Amino acid sequence: AAGVIQSPRHLIKEKRETATLKCYPIPRHDTVYWYQQGPGQDPQFLISFYEKMQSDKGSIPDRFSAQQFSDYHSELNMSSLELGDSALYFCASSLGTVSYEQYFGPGTRLTVT
Amino acid sequence: AQTVTQSQPEMSVQEAETVTLSCTYDTSESDYYLFWYKQPPSRQMILVIRQEAYKQQNATENRFSVNFQKAAKSFSLKISDSQLGDAAMYFCAYRSGGSNYKLTFGKGTLLTVNP
């Protein structure tokens, strides 16, 4: 079965640079969620989209923005990167907001040096 | 705001034996969902089992089962016949049944399976 695809899988950036993470949800899934998992931490919710509209927002820094496109893929844009942004970034998808199961992608490991 | 607490940072079990991981949560909502996710060394988040709060029957998925005590706000995971491949970090997660669909995770329990 098709799963959530995230690219790139690994990304190394320097401080103050920008990064773009991409997420391709499971086919027919119309809801995308972004989570950030720091070293030794549990995943923290950043933002979600349903039918291309932002549906919820968590502790996402103002330096970060995200959107969902017409084909339902989503991109997380991160600017002015800081050392503390080094983390594993997960994208998860679900079928609508009624379907309560979220399926996670493999994650993008971002390292900021 | 909802909180999820996993009081066991680490647990270990002998292969083929049974282990129970604990999870408690705090919420004022009556409609919600609870999950256990497994995160092996690959860091992939794998959904293990889910429970709807409105269901009294405890969920079961093969060797994995839960003990859902709604009044006590407790949601423990039992792994039977433990296998080496069960070794992972296990996260308990809460999702509201209302308009807030994000997952709130506990801090996790690292499970070691000894041969």
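Attention in this report is confined to the structure presented alongside it. (Residues numbered from 1 in each chain as written. Chains lettered and ligands numbered in written order. Predicted model: local features only at pLDDT ≥ 70, side-chain atom pairs only at ≥ 80, totals over all residues. Heavy atoms only, no water.)

**Considering the overall build of chain B**
Helix and strand counts for chain B come out as 0 helices and 12 strands. Going from N to C terminus, chain B has its helices and strands arranged as β-β-β-β-β-β-β-β-β-β-β-β. Here the C-alpha atoms of chain B give a radius of gyration of 14 Å, agreeing with the 13 Å that 2.2 N^0.38 yields for 115 residues. On the principal axes, the C-alpha backbone points of chain B span a range of 45 × 25 × 20 Å. Looking at chain B as a whole, 49% of its 115 residues qualify as buried. Residue pairs in contact within chain B that sit at least 24 positions apart in sequence constitute 55% of those at least 6 positions apart. Where the 11 positive side-chain charges of chain B centre and where its 10 negative ones centre are 7 Å apart. (Helix = DSSP H or I, 4+ residues; strand = E, 2+ residues; numbered from the N terminus. Rg over C-alpha atoms; globule rule 2.2 N^0.38 Å. Buried < 20%, exposed > 50% of the residue type's maximum accessible area, 1.4 Å probe, protein only. Contact = heavy atoms within 4.5 Å. Lys, Arg positive; Asp, Glu negative; His and termini not counted. Charge placed at Lys NZ, Arg CZ, Asp CG, Glu CD.)

**Regarding the state of the cysteines**
In total, this model carries 2 disulfides over all chains according to the counting rule given. Residue pairing for C23 of chain A: its cysteine sulfur links by disulfide to C91 of chain A, the two sulfurs lying 1.7 Å apart. Because the sign of the S-S torsion sets the handedness, a value of about -55° for the bond joining C23 of chain A and C91 of chain A places this disulfide among the left-handed ones. Note that C23 of chain A is positioned in strand β3 (residues 19-24) and C91 of chain A in strand β9 (residues 87-94), a separation of 68 residues in sequence. Since its relative accessible area comes to 0%, C91 of chain A is described here as buried. A disulfide bridge connects C23 of chain B with C92 of chain B, and the sulfur atoms are separated by 2.0 Å. As the torsion about the S-S bond is roughly -70°, the C23 of chain B-C92 of chain B disulfide counts as left-handed. Taken together, the residues C23 of chain B in the loop between β3 (19-21) and β4 (24-26) and C92 of chain B in strand β10 (residues 88-96) connect sequence positions 69 residues apart. The burial state of C23 of chain B is the same as that of C92 of chain B; both residues are buried. (Disulfide = S-S within 2.5 Å.)

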